[in-house]
Amino acid sequence: EAIKHWKASSLDLSPILYRPDVPSRIKPYRVIAQDHGLVKSLDYRLIECAKSALEEGRKVRGYFEVKNVHRTIGAMLSGEIAKKYGNEGLPEDTIMFNFNGSAGQSFGAFGAKGLTLILEGEANDYVGKGLSGAKLALKTPAGATYKQEENFIAGNTILYGATSGKLFVNGGVGERFAVRNSGATAVVEAVGDHCCEYMTGGLVAVLGKYGRNFAAGMSGGIAYVLDETDELNEYCNQELVDIEAPETDDLEELHALIQEHFELTESRKAKAILAAWDEYSVRFKKVIPRVYKQILKARKEEQAKLLEERGA
């Protein structure tokens, strides 16, 4: 009836309804049901292995071999955690899975709190995309003869849009690390260009080489950079940020974070920094947005005032 109405109208509907002539070997309609292979997703195995954790909150551990066809590892499992436990997730390290190999894109995407994923090998782009409380660690393979901090073991756009959680990378990564990060904490040993781009929150520690345009559009959060070549002023985009020396409290926080990085990844660079902390600590520089610094200062003054009033 609708077609009859359209034909009777003055509108020219031929561009919409026209069916082109095609060879007989080409079918202009569906003849084969699509199979995207989701049932073969590694996450179904992860969910099955984590059953006791999901149902009873019990700690579970597992080991898996991965290939680059395995993408968004942990995303479906995180969805199951969120369904039952909401934003609170599970206690830290309730589900701890170790992986070996070369993971595909988006390793640990949307990882929920209580989930820890440790990969010995390498990963593609978007590691920790939308990270939501999980803990991720990427380790250089055991027995590797190259320098860990000079080998890139993950791709671009890591921690894109992350809101919470932690990431430790025992090696270098590509461009746009922590872009739009709004709350996650990360330690990485080398980065490409545009690190901390449009970052609005969280904390990033870079223990080695940094690329151009560092902190472009960064409006929140803090970055600590081991500036061994004293070139950060040249490579950092200082339109919105200041570069300054870390304070005592900053260095204490940074030391604890590097210690955690070493414990999870056995990083040789982290071990060297911790062993000669007095020598390395003076080389760190703090990158902080000017507006964010003002906000932190106002909060600190407000807290001090409240304590003073309560004391009175």
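Each remark here, short or long, concerns the structure printed above.
Let me begin by describing the structure that accompanies this report. (Residues numbered from 1 in each chain as written. Predicted model: local features only at pLDDT ≥ 70, side-chain atom pairs only at ≥ 80, totals over all residues. Heavy atoms only, no water.)

A separate point is the pairing of strand S1 (residues 60-66). Here is the key point about a regular strand: its side chains alternate between the two faces of the sheet. Only one face of S1 is buried: it carries Val60, Gly62, Phe64 and Val66, and the other face, with Arg61, Tyr63 and Glu65, is open. Pairing of S1 with strand S2 (residues 95-103), which is carried by seven bridges, proceeds in the parallel orientation. From the neighbouring strand, Glu65 faces S2, where its bridge partner is Asn100. Handedness of the crossover is the feature at issue here: the chain leaves S1, passes through helix H5 (residues 75-85), returns alongside S2, and the resulting connection is right-handed. (Buried < 20%, exposed > 50% of the residue type's maximum accessible area, 1.4 Å probe, protein only. Helix = DSSP H or I, 4+ residues; strand = E, 2+ residues; numbered from the N terminus. Pairing = 2+ DSSP bridges. Right-handed = clockwise from strand over helix to strand, strands pointing away.)

Because an α-helix packs 3.6 residues into every turn, residues spaced three or four apart end up facing the same way. Given a rise of 1.5 Å per residue, 22 residues ought to cover 32 Å, and the 32 Å separating the end C-alpha atoms of helix H10 (residues 290-311) matches this to within 8%. Within H10, only zero of the 22 residues are buried, which leaves the element largely exposed. (Expected span 1.5 Å × (residues − 1).)

Our focus in this paragraph is the layout of surface pockets. If you add up the space inside the largest pocket, you get close to 430 Å³. Forming the walls of the largest pocket are 15 residues, and the residues nearest its centre are Glu247, Asp250, Lys286, Leu296 and Lys300. When residues of the lining of the largest pocket are traced back to their parent elements, those giving at least two are strand S8 (220-226), helix H7 (248-265), strand S10 (284-289) and H10. Among the elements that take part in the lining of the largest pocket, H10 stands out by supplying six residues, more than any other. Counted by class, the lining of the largest pocket contains five nonpolar, no polar and ten charged residues. The space that makes up the second largest pocket amounts to roughly 290 Å³. In this structure, the second largest pocket is lined by 13 residues; those nearest its centre are Gly37, Ser41, Val69, His70 and Arg71. (1 Å grid on protein atoms, 1.4 Å probe; cavity = no way out; pocket = protein on both sides within 12 Å on 5 of 7 lines; lining within 4 Å. Points joined across faces, edges and corners; volume = space filled by probe spheres on them. Nonpolar A, V, L, I, M, F, W, Y, C, P; charged D, E, K, R; others polar.)

This part is about helix H3 (residues 42-49). Listed as buried for H3 are Leu42, Asp43, Leu46 and Ile47. The buried residues of H3 occupy one face: seen down the axis, they fall within an arc of 140 degrees. On the buried face of H3, the contacting elements are helix H4 (51-56), S1, H5 and S2. (Arc of directions from axis to C-beta. Contact = heavy atoms within 4.5 Å.)

Glancing now at the nonpolar core. Ranked by size, the top nonpolar core spans 57 residues in total, and within it Phe99, Phe177 and Phe214 carry the most contacts. Those residues in contact with Phe177 that lie beyond four places of it in its chain are Ile158, Leu159, Leu167, Ala186, Val188, Val191, His194, Cys195, Cys196, Glu197 and Val204. (Core = buried A, V, L, I, M, F, W, Y, C linked by side-chain atoms within 4.5 Å.)

Before going further, it helps to examine the packing of aromatic side chains. Enumeration over the complete set of coordinates arrives at five aromatic pairs. For the ring pair Phe64 and Phe99, a centre distance of 5.6 Å and an interplane angle of 25 degrees mean the geometry is stacked. Taken together, the residues Phe64 in strand S1 and Phe99 in strand S2 connect sequence positions 35 residues apart. Across this residue pair, the class does not change: Phe64 and Phe99 are buried. Pairing Trp277 with Phe284 gives two aromatic rings, centres 6.1 Å apart and planes at 40 degrees, and the pair type is tilted. According to the relative accessible area criterion, Phe284 is buried, its value standing at 2%. Through successive ring pairs, a cluster of aromatic residues spans Phe64, Phe97, Phe99 and Phe107. (Phe/Tyr/Trp six-rings, centres within 6.5 Å; stacked < 30°, edge-to-face > 60°.)

For the rest of this paragraph, the subject is the pattern of salt bridges. This model, assessed by the stated rule, comprises 16 salt bridges. A salt bridge links Arg58 to Glu56, with the shortest nitrogen-to-oxygen separation between them at 3.6 Å. Residue classification places Glu56 among the exposed positions, given a relative accessible area of 53%. Glu92 is paired through a salt bridge with Lys135; the nearest N and O atoms lie 2.9 Å apart. On the criterion of sequence distance, the pair formed by Glu92 in the loop between H5 and S2 and Lys135 in strand S4 (residues 132-139) is long-range, its members being 43 residues apart. (Salt bridge = Lys/Arg side-chain N within 4 Å of Asp/Glu carboxyl O.)

We now examine a nonpolar patch on the surface. Together, Leu38, Val39, Tyr44 and Met76 give the surface a local cluster of nonpolar side chains, amounting to about 410 Å² of exposed area. Along the chain, Tyr44 turns up in helix H3. By relative accessible area, Tyr44 is classed as partly exposed at 41%. (Patch = residues over 30% accessible without salt bridge, like charges linked within 9 Å, V, L, I, M, F, W, Y side chains within 5 Å. Areas by Shrake-Rupley, 256 points an atom, 1.4 Å probe, with all protein chains shown as cover.)

Moving on, we come to unusual backbone geometry. One non-glycine residue, Thr157, lies in positive phi territory at about 55 degrees. If you trace the backbone, Thr157 turns up in the loop between S4 and strand S5 (164-172). Taking the relative accessible area as the measure of exposure, Thr157 reaches 9% and is therefore buried. The residue Tyr198 is not glycine, and still its phi comes out positive at about 55 degrees. Here Tyr198 shows up in the loop between strand S6 (182-190) and strand S7 (200-206).

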